Amino acid sequence: MGAQKSIHAGKAKIDVNVDFSQKLCASLMLPSFRGSQSPLSLIIGSLCIKHPNLFGGSEKLDVSWDKGPYDSNALIAYRRPRPEWLSQQSFVIQHSVSPEIGVHGTPTDNFSRSGSGGVNLSQFSVGLDLTEPANSNWSSTTSIRFKHVRPLNDDGRSISRDLDGLPVTCSGSPHDSMVVLKQESHYAKANDHSFFRLRFQIEQGIPLLSKWIIFNKLKFVASKGVKLGPAFLLTSLTGGSIVGDMAPYQAFAIGGLGSVRGYGEGAIGVGRSCLVANSEFTFPLNETLEGAIFLDGGTDLGSGRHVPGNPSLRQGKPGSGIGVGYGLRFKSQFGHFQVDCAINAFQQKTLSFGISNLTS
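On a predicted model such as this, the values are computed, not experimentally measured, just so you know. Per chain, the residues get numbers from 1 upward, laid out in the order the sequence is written. In keeping with the predicted nature of the model, local features appear solely for residues at pLDDT of at least 70, side-chain atom pairs appear and are counted solely at 80 or more, and the whole-chain, interface and lining totals rest on all residues. The side-chain figures draw on all heavy atoms in the structure; neither hydrogens nor water molecules are used.

All right, on to the pairing of strand E5 (residues 72–79) then. We call two strands paired when DSSP finds no fewer than two bridges between them. Note on conventions: DSSP H or I runs of at least 4 residues are helices, E runs of at least 2 residues are strands, and numbering of each starts at the N terminus. Relative to E5, strand E4 (residues 60–67) runs antiparallel, the two sharing eight bridges. Its bridge partner lying in E5, Ser64 is registered against Leu75. Hairpin connection, E4 to E5: the antiparallel pair is bridged by four residues. Relative to strand E6 (residues 88–99), E5 runs antiparallel, the two sharing eight bridges. Within the sheet, the bridge partner assigned to Ile76 lies in E6 and is Ile93.

Another point: the side chain of Arg261. Assignment of secondary structure puts Arg261 in the loop between strand E15 (252–254) and strand E16 (269–271). Each residue is assigned to one of three classes by its accessible area relative to the maximum for its type, calculated with a 1.4 Å probe on protein chains only: buried under 20%, partly exposed between the two thresholds, exposed over 50%. On the accessibility criterion, Arg261 (11% relative accessible area) is buried. Between N or O atoms, a polar contact is any pair within 3.5 Å; within protein, one atom must be a potential hydrogen donor and the other a potential acceptor, and residues adjacent in sequence are included only when both atoms are from side chains. A distance of 2.8 Å separates a polar atom in the side chain of Arg261 from a polar atom in the side chain of Glu280. Beyond its immediate chain neighbours, meaning those up to four positions away, Arg261 contacts Gly256, Glu280, Phe294, Asp296, Gly323, Arg329, Asp340 and Ala342. Note on contacts: a residue pair is in contact if any heavy atoms of the two residues lie within 4.5 Å.

Before going further, it helps to examine the packing of aromatic side chains. Two aromatic rings from Phe, Tyr or Trp, using only the six-membered ring of Trp, form a pair when their centres are within 6.5 Å; if the ring planes differ by under 30 degrees the pair is stacked, by over 60 it is edge-to-face, and anything between is tilted. Using the criterion set out here, one finds seven aromatic pairs in the structure. An aromatic cluster of at least three residues, connected via ring pairs, comprises Trp138, Tyr187 and Phe196. The criterion for a charge sitting over a ring is simple: Lys NZ or Arg CZ within 6 Å of the ring centre, and within 35 degrees of the ring normal. For Arg197, the ring lying beneath its charged end belongs to Phe195, and the centroid distance is 4.2 Å. We note Lys217 situated over the ring of Phe252; from NZ or CZ to the ring centre the distance is 5.0 Å.

Looking at chain direction, strand E17 (residues 273–284) and strand E18 (residues 289–299) are connected through ten bridges and run antiparallel. Looking at the pairing, Phe281 lines up with Ile293 of E18. Once E17 ends, the chain turns through four residues before running back antiparallel as E18. Alignment of E18 against strand E19 (residues 320–332), held across eleven bridges, turns out to be antiparallel. Bridge pairing in E19 links Gly297 to Ile322.

Quick look at unusual backbone geometry now. Generally, phi is negative for residues other than glycine and the peptide bonds are trans, each holding for most cases. The phi dihedral of Asp109 is positive, around 50 degrees, even though this residue is not glycine. With respect to the element layout, Asp109 can be found in the loop between strand E7 (106–108) and strand E8 (113–115). For Asp109, a relative accessible area of 46% gives the class partly exposed. In this model, Leu301 sits at a positive phi of 55 degrees, which is unusual for a non-glycine residue.

This part is about the environment of Asp66. Mapping Asp66 onto the fold places it in strand E4. Residue classification places Asp66 among the partly exposed residues on the basis of a relative accessible area of 38%. Between the C-alpha atoms of Asp66 and Ser96, which are 30 residues apart in sequence, the distance is 9.3 Å. With sequence-adjacent residues up to four places away left out, Asp66 is seen in contact with Gly45, Ser46, Asp71, Ser72 and Asn73.

Let's shift gears to the pattern of salt bridges. Opposite charge on two side chains makes pairing possible when the charged atoms of those side chains draw close. Throughout this description, the term salt bridge denotes a Lys or Arg side-chain nitrogen within 4 Å of a carboxyl oxygen of Asp or Glu. Evaluated as defined, the whole model comprises twelve salt bridges. Between Lys182 and Glu184 there is a salt bridge, with its nearest N and O atoms 3.8 Å apart. Taking the relative accessible area as the measure of exposure, Glu184 reaches 17% and is therefore buried. For Lys331, the salt bridge identified is with Glu290, shortest N-O distance 3.6 Å. Placement of Lys331 in strand E19 and of Glu290 in strand E18 is noted, with a sequence separation of 41 residues between them. Here the salt bridges do not stand alone but share partners, grouping Arg261, Glu280, Asp296, Arg329 and Asp340 into one network.

In this section: a nonpolar patch on the surface. Together, Phe283, Leu285, Ile293, Tyr326, Leu328, Val339 and Leu351 make up a nonpolar patch on the protein surface, roughly 620 Å² of accessible area in all. The topology assignment puts Phe283 in strand E17. Only residues whose relative accessible area exceeds 30% and that form no salt bridge enter a patch; like-charged residues are grouped when within 9 Å of one another, and nonpolar side chains (Val, Leu, Ile, Met, Phe, Trp, Tyr) when within 5 Å. Per-residue accessibility takes into account occlusion by the displayed protein chains alone, with areas from the Shrake-Rupley method and a 1.4 Å probe.

Structural measurements only, silent on function.
Structural data, given as structure tokens:
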């Protein structure tokens, strides 16, 4: 249900991908919370322009724009050629707009869905990414970026407070500014029967000006997969914590597809810390279709009250929850599709759809 086209203009390559199935899945997963839809909101897909030799010295320029029903992301990346044994440098400019349902959304239908909280985030960043040469099973990326975050209401106007009158920024003004130093490390090891992956991510806010945010945010994801005959067992553990200054939008939102299924996005809790465990057992039904059963659980470790404004308490989120369910996994040349049906601790069922690894 989409269209893909590659156009060569001189040395530049333009990839165009419009996928209407994203519109279908997003409309089923997210309730319509905008008062009215403009013609632009009906455009779903992506546009990518790549130039492999911008100034004649193998410099690479990538320009991409992704548009969803309620969000958008624009990215410009310029990469200079460097020897393989040195860090690869990328100058990046990025702007995104997305609804902050995970933190400010209101749980509905016994926490199986999350409605709009009337807060959206407009984020602009500019900076430098350094990708270190891969060393055995390890790889790492270091970046330093200036970020400007501006909360918006559903009408696109800047706001400094949510619908309950509490601040949505750390500074209390309509925007936050910060310089963030980020270090991300990956470890991967695999063989014919199993794999293990570990990812660490550390962000440090640098207060170059007195009003800028200073914080330290740590997140890790560990996953293990084991082949059991024709079936496959996948388990993962995700955790994180924030110390120092923080705005509500920086908190960990627990619940939803990719977290604890059976709940709406952020419907379990919003905390300074989190711990989420997932396990999924998949088994083949035919060449392209797999069945799955899964068990998810997550908690904010009692840290919800330490988030500014305490959105979890105001919205009646429990702080911890368990989801169990079953689903289907469909693999095709266009990507991987999944359909999950889960039930949460409140005995409320939810149906979710997902798309991943779409070919460009």
